[in-house]
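Spelled out from the first residue to the last, the chains are:
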Number of protein chains: 2
Amino acid sequence: MKALKLGIFGLGTVGSGTMDILTTNGDTIERELGCKIQTNKICVKDLGKKRTIDVDTSMLTTNPDDILKDPDIDIVVEVMGGIDEAKRIVESALNNKKHVVSANKDLVALYGKELTELAKKNNCHFFYEAAVAGGIPILKSLQFALTGNNIKKISGIVNGSTNYILTRMEVEKLSLEEIIEDAKRLGFLEADPSADLEGLDAARKCAILASIGFHSLVTTNQVYVSGITNITLKDIEYALKLGYRIKLLAVAENKEDGIVAKVHPTMLPLDHPLSSVKYELNSVYVEGDMVGETMFYGRGAGALPTGSAVVNDIITIIKRILNGTKPEYAYNLFEQKSVLPIESLDFSYYLRLQFKSGEIEGTRLLKLFEDNNIEIEEINKYSFIENNTNEQIDEFVLVTEPCVEEKFNETIEKLSKLESELRLIRTIRIESGL
Amino acid sequence: MKALKLGIFGLGTVGSGTMDILTTNGDTIERELGCKIQTNKICVKDLGKKRTIDVDTSMLTTNPDDILKDPDIDIVVEVMGGIDEAKRIVESALNNKKHVVSANKDLVALYGKELTELAKKNNCHFFYEAAVAGGIPILKSLQFALTGNNIKKISGIVNGSTNYILTRMEVEKLSLEEIIEDAKRLGFLEADPSADLEGLDAARKCAILASIGFHSLVTTNQVYVSGITNITLKDIEYALKLGYRIKLLAVAENKEDGIVAKVHPTMLPLDHPLSSVKYELNSVYVEGDMVGETMFYGRGAGALPTGSAVVNDIITIIKRILNGTKPEYAYNLFEQKSVLPIESLDFSYYLRLQFKSGEIEGTRLLKLFEDNNIEIEEINKYSFIENNTNEQIDEFVLVTEPCVEEKFNETIEKLSKLESELRLIRTIRIESGL
């Protein structure tokens, strides 16, 4: 039986998961493919490091050229992470006519277009299903299974860590800081979780989803990003009372006049399917002009779910090699649309306001907004005793009618000047149009 | 630019949706494929019938041979429905070396294996994404995007009509009969909805999902089927009180000792993702040994969602033709496992019991079950006034611990003989192990 040969870069979580699946399900895969998959070499940083899985240590190397220059190796699997070195390795692999599987969202979000062009030049296959939403086959669905549709909108919970934090805050009624500390302790969060908390990780995935879905290049730096670091338990509770749940949502929308690409805390109606996605689970909601709304749900991280996506890419490439199928690329960028600034978009807003003196009539507050052409859909007043000061705080929670962000920002700025007593506690955008 | 040519059988809902998409999104599809799709002929029963879409009447024919014998036609699209004639047409198309797209679940559930063998013999592509869950790309996900996994279980809400009925019963607090009448009036249900209501439609989809997911042939007649016709509003309400929602669930499970394939009303925990699938929406929950749980959600019926799946199959075939890719078949049946009888499976049961005299102590009832080795997890007593008779009815609602169906049936039969007063109103299986 013919065997295709792999060289793997990286043996961390994803690399170990990949090796685990290739071993455990080797027979099934072989039977399905009619071909063996053989791992020749694994390039690691530290030969002596203790591993979570058993690997034949003779396969390990620290020299990338043992893979890149080995003419026997058909497919390079890049699961090492990072950007610059990973880029050099993927480029070198492609230039050496090796097909590439990557799980690297940072790399694809930054250099997806460039690497696709290099793959095309070398007639190599290039897949990276694991880069977005782990085990969920969302990239292959966009590339292969929803063609025939113009994709209008893609909204996703694509960062498991922040979803885990927001879910635990709601369920356990604890603060962001308390959950973060506990999550670090349990190993659910990295020591430096800022790429997750500040939305950067989700923004990378947003860029990839938009580029593939809309056939128009969107890079990470074009994605508007705002993280969850200022969300408090009180916001979560107020949102629930209003019929919403706060999620860190990545949204890409293909509009007539440009592309929307943004990641920010979003209040989603409780009956929206994405609202019920809990803990570390991921979900991507896709709207096609013909198919309507579809949703894909599953595990976005972890050794086996992510490894499952990597192994599926390997199998996909091998089938294509065996079948003599020409490469097709997810980054099929035949459109060139601009990305719209967040200020040009329409939102309803959730607003939390306090007044220093604690004294203002709701009706006067309403009038302030109306005078500035922002309609208020709902206004609620809550009073509570501040823990630190023992003072009673009166707080207004407002929901606005949709208005353009630029105008909303101007109005808020104007009101802050007009009303020196006014203290804006929080603004959260509401997605009712999902 | 090269053009590939279609011959279409049927211009009902799915055929019209397919034509609509091919026209509306023709440019996008052409740009993606680098090739035109041209519809040469559409075979219909009645040339004079009023159509919901504009088609060039010169394309219409009533003679199948105008398509089957036309050497110009590359792909036959069978969206006419029915079994015997559709089978003859698909067979003839394959024997004439034409690739086939079908949306016909009845046909695939009965003859999927046979037709796949014929397609293989003729080296033709054969896809039928629309046969299960309309626009949701579940068959392609199983065939292409989840490989590398051993699929353990597939559970789905795959019949939109019954899900629509159960949702409306709950939301509007109306009886099954009232909703059915209204749904027929609105055109949501066919004049004879028995294939939906009695679970046969879902059973066909269950057979297809099991065959593809487990690589082992399951045919419709091997699927245990029980429909929703005896579900009442009271059952729905009791279920909610217990923390469950009643869904008509198709479940296929790949066990060590055989395959489970069954369709019946199932009580699902409210926090299970399938529980929140409402109205006519479909959803399929797939458990792989590596990827864990994934879910696919969307519109299971309607001209455009179903047409979207048909058009995606057409595009998939054309890409494969242009790329010179060898055919691969979803029915890749390299396993031969038996289907387990429902009596051999474990369930918890929801039980509704009345006593003719209305007089029995809960403790005595509990003892009756315990003496027969069926543990009761929960028991509730409800009293209500019967509308017709103005009598007060006492009713017990029980939830059992899991036990084998055969033993459960024996016990119920034994109790009915022992206690002549006992009246069993309803039994519904509970899926807590999802």
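Here the structure is a predicted model, which means the values were calculated and not measured. (Residues numbered from 1 in each chain as written. Chains lettered and ligands numbered in written order. Predicted model: local features only at pLDDT ≥ 70, side-chain atom pairs only at ≥ 80, totals over all residues. Heavy atoms only, no water.)

1. Section: the domain arrangement of chain A
Residues and elements named next belong to chain A.
Thinking step 1. Assigned domains within chain A: domain 1 (3-135 + 303-323), domain 2 (145-299) and domain 3 (345-430).
Thinking step 2. Taken over C-alpha atoms, the centre of domain 1 sits 28 Å from the centre of domain 2.
Thinking step 3. Contact with domain 1, which involves 13 residues of that partner, is made by 14 residues of domain 2.
Thinking step 4. For the domain 1 and domain 2 pair, buried surface summed over both sides reaches about 1,000 Å², with 74% attributable to carbon and sulfur atoms.
Thinking step 5. Joining domain 1 to domain 2, the criterion identifies two salt bridges.
Thinking step 6. The shortest N-O distance in the salt bridge between Lys-105 and Asp-201 comes to 3.4 Å.
Thinking step 7. Viewed at the interface, domain 2 and domain 1 are joined by three residue pairs in polar contact (both at pLDDT 80 or more).
Thinking step 8. With six residues, helix H5 (residues 105-121) is the single largest residue contributor to the side of domain 1 that touches domain 2.
Thinking step 9. Here the residues of the side of domain 1 that touches domain 2 are counted per class, giving eight nonpolar, two polar and three charged. (Domains from an automatic or database assignment. Contact = heavy atoms within 4.5 Å. Buried area = accessible area lost by both parts, 1.4 Å probe. Salt bridge = Lys/Arg side-chain N within 4 Å of Asp/Glu carboxyl O. Polar contact = N/O pair within 3.5 Å; in protein donor to acceptor, adjacent residues only side chain to side chain. Helix = DSSP H or I, 4+ residues; strand = E, 2+ residues; numbered from the N terminus. Nonpolar A, V, L, I, M, F, W, Y, C, P; charged D, E, K, R; others polar.)

2. Focus on the layout of surface pockets
Residue and element names in this part refer to chain B.
Thinking step 1. Approximately 1,200 Å³ is the volume attributed to the second largest pocket.
Thinking step 2. Lining of the second largest pocket is provided by 39 residues; of these, Val-14, Lys-105, Glu-190, Asp-201 and Ala-301 occupy positions nearest its centre.
Thinking step 3. Elements that contribute at least two residues to the lining of the second largest pocket include exactly helix H1 (13-24), helix H5 (105-121), helix H7 (160-172), helix H9 (194-197) and helix H10 (200-214).
Thinking step 4. The residue inventory of the lining of the second largest pocket, partitioned by class, reads 14 nonpolar, 15 polar and ten charged. (1 Å grid on protein atoms, 1.4 Å probe; cavity = no way out; pocket = protein on both sides within 12 Å on 5 of 7 lines; lining within 4 Å. Points joined across faces, edges and corners; volume = space filled by probe spheres on them.)

3. Observations regarding the environment of Glu-405 of chain B
Residues and elements named next belong to chain B.
Thinking step 1. Mapping Glu-405 onto the fold places it in helix H14 (residues 405-418).
Thinking step 2. Judged by relative accessible area, Glu-405 falls into the buried class, the value being 5%.
Thinking step 3. Measuring from C-alpha to C-alpha, the distance between Glu-405 and Ala-145 comes to 35 Å, with 260 residues separating the pair along the chain.
Thinking step 4. Setting aside chain neighbours within four positions, we find Glu-405 in contact with Ile-342, Glu-343, Leu-345, Phe-347, Tyr-349 and Arg-429.
Thinking step 5. Within the structure, the side chain of Glu-405 is placed 2.8 Å from the side chain of Tyr-349, a separation counted as a polar contact. (Buried < 20%, exposed > 50% of the residue type's maximum accessible area, 1.4 Å probe, protein only.)

4. Thoughts on the sheet that holds strand E5 (residues 99-102) of chain B
Residue and element names in this part refer to chain B.
Thinking step 1. Pairing in this open sheet of six strands is parallel, and the strands run E3-E2-E1-E4-E5-E6 from one edge to the other. Looking at strand neighbours, the two that pair on one side only are strand E3 (60-61) and strand E6 (126-127), the edges of this open sheet.
Thinking step 2. As judged from the four bridges shared by strand E1 (residues 3-9) and strand E4 (residues 75-78), these two strands associate in the parallel manner. Across the sheet, Gly-7 pairs through a bridge with Val-76, a residue of E4.
Thinking step 3. The strands touched by helix H12 (residues 303-323) within the sheet are E1, strand E2 (36-43), E4, E5 and E6, with E5 carrying the most contacts at an inclination of about 160°. (Pairing = 2+ DSSP bridges. Axes fitted to C-alpha atoms, helices over the stretch in contact; angles between N-to-C directions.)

5. Overview of the pairing of strand E11 (residues 281-288) of chain B
All names here are of chain B.
Thinking step 1. With seven of eight residues buried, E11 lies mostly within the body of the structure.
Thinking step 2. Note: strand E7 (residues 151-157) against E11, six bridges, orientation antiparallel. In the strand pairing of E11, Ile-154 is matched with Val-286.
Thinking step 3. Hairpin remark: E11 followed by strand E12 (residues 292-299), antiparallel, with three residues in the connecting loop.

6. Let's talk about the UniProt feature "domain: Aspartate/homoserine dehydrogenase NAD-binding" (unreviewed entry) in chain A
Thinking step 1. Look at the UniProt record and you will see "domain: Aspartate/homoserine dehydrogenase NAD-binding" (unreviewed entry) annotated at residues 10-129 of chain A.
Thinking step 2. Taken end to end, residues 10-129 of chain A is 44% helix and 17% strand, and its first and last C-alpha atoms sit 17 Å apart. (UniProt positions renumbered as here; feature names shortened; annotations may be inferred.)

7. Regarding the relation of the copies chain A and chain B
Thinking step 1. Note on the identical chains: chain A maps onto chain B by a rotation of 180° and an axial translation of 0.0 Å, with an RMSD of 0.0 Å. Look at the turn and shift together and you get a two-fold axis relating the two.
Thinking step 2. Mapped onto chain B, 100% of the interface residues of chain A are again interface residues, and the two copies thus contact each other with one and the same surface. (Least-squares fit on C-alpha atoms with pLDDT ≥ 70 in both.)

8. Observations regarding the side chain of Thr-18 of chain A
Thinking step 1. Structurally, Thr-18 of chain A is set in helix H1 (residues 13-24).
Thinking step 2. Contacts of Thr-18 of chain A, omitting those with residues within four sequence positions, involve Gly-307, Val-310, Val-311 and Ile-314 of chain A.

9. Notes on the UniProt feature "active site" (unreviewed entry) in chain A
Residue and element names in this part refer to chain A.
Thinking step 1. When the UniProt feature table is mapped onto this chain numbering, "active site" (unreviewed entry) sits at Lys-205.
Thinking step 2. The topology assignment puts Lys-205 in helix H10 (residues 200-214).
Thinking step 3. Once residues within four sequence positions are removed from consideration, Lys-205 is found in contact with Lys-105, Ala-131, Val-132, Val-158 and Asn-159.

10. Looking at the packing of aromatic side chains
Thinking step 1. Using the criterion set out here, one finds 17 aromatic pairs over all chains in the structure.
Thinking step 2. In this structure an aromatic cluster arises from ring pairing among Phe-126, Tyr-128 and Tyr-331 of chain A.
Thinking step 3. We note Lys-234 of chain A situated over the ring of Phe-384 of chain A; from NZ or CZ to the ring centre the distance is 4.0 Å.
Thinking step 4. Over the ring of Phe-347 of chain B we find Arg-429 of chain B, and its NZ or CZ is 5.4 Å from the ring centre. (Phe/Tyr/Trp six-rings, centres within 6.5 Å; stacked < 30°, edge-to-face > 60°. Lys NZ or Arg CZ within 6 Å of the ring centre and 35° of its normal.)

11. Details of the packing of H1 of chain B against H12 of chain B
All names here are of chain B.
Thinking step 1. Their axes nearest at 7 Å, the elements H1 and H12 cross at an angle of 65°. Of the two possible hands of crossing, H1 and H12 adopt the one that is right-handed. Contacts between H1 and H12 involve Thr-13, Val-14, Gly-17, Thr-18, Asp-20, Ile-21 and Leu-22 on the former and, on the latter, Ala-303, Leu-304, Thr-306, Gly-307, Ser-308, Val-310, Val-311 and Ile-314.
Thinking step 2. Split into classes, the residues belonging to the contact of H1 with H12 amount to eight nonpolar, six polar and one charged. (Left-handed = near helix turned anticlockwise from the far one by under 90°.)

12. Points about the interface of chain A and chain B
Thinking step 1. At the interface, 52 residues of chain A touch 52 residues of chain B.
Thinking step 2. With both chains or domains summed, chain A and chain B bury close to 4,300 Å², and 49% of this area falls on carbon and sulfur atoms.
Thinking step 3. Of all residues in chain A, the largest losses of buried area upon contact with chain B belong to Met-290, Tyr-297 and Asn-323 of chain A, amounting jointly to 15% of the total for that side.
Thinking step 4. Our enumeration of links across chain A and chain B arrives at six salt bridges.
Thinking step 5. Across the pair Glu-293 of chain A and Arg-299 of chain B runs a salt bridge whose closest N-O atoms are separated by 3.2 Å.
Thinking step 6. Joining chain A to chain B, the criterion identifies 25 residue pairs in polar contact (both at pLDDT 80 or more).
Thinking step 7. Mapped by element, the contributors of at least two residues to the side of chain A that touches chain B are H1, helix H2 (26-33), helix H6 (138-145), strand E12 (292-299) and helix H12 (303-323) of chain A.
Thinking step 8. Sorting elements by how many residues they give to the side of chain A that touches chain B places H12 of chain A first, with ten residues.
Thinking step 9. Split by residue class, the side of chain A that touches chain B holds 19 nonpolar, 21 polar and twelve charged.
Thinking step 10. Judged from the three bridges that link them, E12 of chain A and E12 of chain B form a sheet pairing that is antiparallel. Bridge pairing links Tyr-297 of chain A to Met-295 of chain B in E12 of chain B.

13. Description of unusual backbone geometry
Residues and elements named next belong to chain B.
Thinking step 1. Positive phi, close to 60°, is recorded for Ala-133, a residue that is not glycine.
Thinking step 2. Considering the arrangement of structural elements, one finds Ala-133 in the loop between E6 and helix H6 (138-145).
Thinking step 3. Its identity is not glycine, yet Tyr-279 carries a phi of approximately 50°, on the positive side.
Thinking step 4. Along the polypeptide, Tyr-279 turns up in the loop between strand E10 (258-269) and E11.
Thinking step 5. Among the residues examined, Tyr-279 registers a relative accessible area of 29% and is labelled partly exposed.

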